[in-house]
Amino acid sequence: MHLTIRKEEPRSIRSIKQLFRFGWEQALSCLFPVVIFASLALTKFLPMPILPRYDWMLIICLLMQWVMVRSGLETKDELKVITLFHLIGLALELFKVHMGSWAYPEDGYSKVFGVPLYSGFMYASVASYLCQAWRRLKVDLVKWPPFMAVVPLAAAIYLNFFTHHYWIDVRWWLSGMVMVVFWQSWVTYEVGGIRYRMPIALSFVLIGFFIWIAENIATFFGAWEYPNQADAWSLVHLGKVSSWLLLVIVSFLIVATLKRVKGNSSAGSASGQTL
């Protein structure tokens, strides 16, 4: 009888493979944002026929959304969440453009009060990423705060994007509240059959930072422009990371709350059927 001794793979190699798997799953989850960025680049350097650029962006986003649902990459429940984010983002865009925070200088038939309708899809793409990553990485929440703490905090963060134009900016107080409320909360996820965990506050910071990088790419391709970019493109101020951090928190809290409500509803239905 012969015994086959399998040589154990070095830990460094396993770590690199796991990192690659994690990156691949993240890349697949970013399909919608990638299409938006690619379309921005394409329409920036290639002349578009018949319609203005912003209108082509809206058509591309609508087609992409249809493909995502039709192909099964997104469920109908996820489409509802993404539509909610589109409306939330569009409302914020209308207000911020009105206040002069940024502008969409190009023409377009689909512009409403200076805001092209495709802009809502940039917020929706964040929700798409969260929903995709949640499913692909089998995300679970540990020690999630009570509903009555999460919802008012998310609402206060979103409202501060509007009220700070007329009142004091309380974003840092809100950031402190996030640390307090989520101090003991973790997010767990699976890569290659192995479970990992990360403090939720750290995941907020990482996602916010990468969205800031994406924002620089988007403004470079003319998705919108800040006042200091009117004459020539320049790096988006690093302070914008705090804004994106808070927006990511709102996005995550909405998705997490809806996922938990859906999960509790499904569990209740299953329990009712058993009884």
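Residues numbered from 1 in each chain as written. Predicted model: local features only at pLDDT ≥ 70, side-chain atom pairs only at ≥ 80, totals over all residues. Heavy atoms only, no water.

Engineer: Mind laying out the pairing of strand β4 (residues 186-191), listing which residues take part and the relevant values?
Structural biologist: For strand β3 (residues 140-142) and β4, the ladder comprises 3 bridges, and the chain directions are antiparallel. Looking at the pairing, Val142 lines up with Trp186 of β4. Bridging between β4 and strand β5 (residues 194-199) involves 6 bridges; their strand directions are antiparallel. Bridging across to β5, Thr188 finds its partner in Arg197. (Pairing = 2+ DSSP bridges. Helix = DSSP H or I, 4+ residues; strand = E, 2+ residues; numbered from the N terminus.)

Engineer: Tell me about the sheet that holds β4, and please be specific about residues and values.
Structural biologist: Strand order in the open sheet made by the 3 strands is β3-β4-β5, with antiparallel pairing throughout. Both outer strands of the open sheet, β3 and β5, are each paired with one neighbouring strand and no more. For this sheet the average axis-to-axis angle between neighbouring strands, irrespective of direction, equals 30 degrees. Across the sheet, helix α8 (residues 200-220) is in contact with β3, β4 and β5; its angle to β5 comes to roughly 85 degrees. (Axes fitted to C-alpha atoms, helices over the stretch in contact; angles between N-to-C directions. Contact = heavy atoms within 4.5 Å.)

Engineer: Can you explain the UniProt feature "transmembrane region" (unreviewed entry) in the protein chain? Please cite residues and give values.
Structural biologist: Mapped onto the present numbering, the UniProt feature "transmembrane region" (unreviewed entry) falls on residues 21-42, 54-69, 81-103, 115-134, 146-166, 172-189, 201-221 and 241-258. Annotation note: span residues 54-69, helix share 100%, strand share 0%, distance between end C-alpha atoms 23 Å. Helix makes up 78% of residues 81-103 and strand makes up 0%, while its end C-alpha atoms are separated by 26 Å. (UniProt positions renumbered as here; feature names shortened; annotations may be inferred.)

Engineer: Residue-level account of the environment of Gln184, with values.
Structural biologist: Locating Gln184 in the fold gives a position in the loop between α7 (171-181) and β4. Distance in space between the C-alpha atoms of Gln184 and Lys143 is 6.5 Å, their sequence separation being 41 residues. Excluding residues that lie within four positions of it along the chain, Gln184 makes contacts with Val142 and Lys143.

Engineer: Talk me through the packing of helix α4 (residues 76-98) against helix α6 (residues 147-163); I want residue IDs and the actual numbers.
Structural biologist: Interhelical geometry of α4 versus α6 gives an angle of 20 degrees and a closest axis separation of 10 Å. Accordingly, the angle class assigned to the pair α4 and α6 is roughly parallel. Only Tyr158, Phe161 and Phe162 of α6 make contact with α4, whose side of the interface consists of Ile88, Ala91, Leu92, Phe95 and Lys96. Taken together, the residues of the contact of α4 with α6 break down into 7 nonpolar, no polar and 1 charged. (Parallel < 35°, antiparallel > 145°, perpendicular 65-115°, else oblique. Nonpolar A, V, L, I, M, F, W, Y, C, P; charged D, E, K, R; others polar.)

Engineer: Let's hear about the nonpolar core: which residues, and what values?
Structural biologist: Most often, soluble globular proteins keep nonpolar side chains buried together rather than apart. Within the largest apolar cluster, 69 residues are counted, with the highest numbers of intra-cluster contacts made by Trp144, Ile157, Phe182 and Phe204. If we skip the residues at most four places from it in the chain, Phe182 touches Trp144, Pro145, Val150, Leu153, Ile200, Phe204 and Leu253. (Core = buried A, V, L, I, M, F, W, Y, C linked by side-chain atoms within 4.5 Å. Buried < 20%, exposed > 50% of the residue type's maximum accessible area, 1.4 Å probe, protein only.)

Engineer: With reference to specific residues and values, describe unusual backbone geometry.
Structural biologist: The backbone phi angle of Lys138 is positive, close to 50 degrees, even though this residue is not glycine. Summarising the element assignment, Lys138 is placed in the loop between α5 (119-136) and β3. In this structure, Lys143 is a non-glycine residue whose phi angle is positive, near 55 degrees. With respect to the secondary-structure elements, Lys143 resides in the loop between β3 and α6.

Engineer: With reference to specific residues and values, describe the packing of aromatic side chains.
Structural biologist: The full count for this structure, using the stated rule, is 10 aromatic pairs. Summarising the aromatic geometry, the rings of Phe22 and Tyr189 are spaced 5.7 Å apart at their centres and angled 45 degrees between planes, so their arrangement reads as tilted. Here Tyr189 lies in strand β4 and Phe22 lies in helix α1 (residues 11-29), a separation of 167 residues in the sequence. For Tyr189, a relative accessible area of 15% corresponds to the buried category. Ring geometry for Tyr104 versus Tyr118: centroids 6.5 Å apart, planes at 85 degrees, classification edge-to-face. (Phe/Tyr/Trp six-rings, centres within 6.5 Å; stacked < 30°, edge-to-face > 60°.)

Engineer: Residues and numbers for empty space enclosed by the protein, please.
Structural biologist: Using the criterion set out here, one finds 2 cavities of 30 Å³ or more in the structure. At 4 residues, helix α9 (residues 240-274) tops the list of elements feeding residues into the lining of the largest cavity. Broken down by class, the residue content of the lining of the largest cavity amounts to 8 nonpolar, 2 polar and no charged. (1 Å grid on protein atoms, 1.4 Å probe; cavity = no way out; pocket = protein on both sides within 12 Å on 5 of 7 lines; lining within 4 Å. Points joined across faces, edges and corners; volume = space filled by probe spheres on them.)

Engineer: Provide a residue-level description of the packing of α1 against α5, including the pertinent values.
Structural biologist: For any two helices packed against each other, one specifies the inter-axial angle together with the distance between the axes. At a minimum axis separation of 8 Å, α1 and α5 run at an interaxial angle of 140 degrees. Our classification of the angle between α1 and α5 gives oblique. For the crossing formed where α1 meets α5, the hand is right-handed. On the side of α1, the interface is formed by Glu25, Gln26, Leu28 and Ser29, while α5 contributes Ser128, Tyr129, Gln132, Ala133 and Arg136. The residue makeup of the contact of α1 with α5, split by class, is 3 nonpolar, 4 polar and 2 charged. (Left-handed = near helix turned anticlockwise from the far one by under 90°.)

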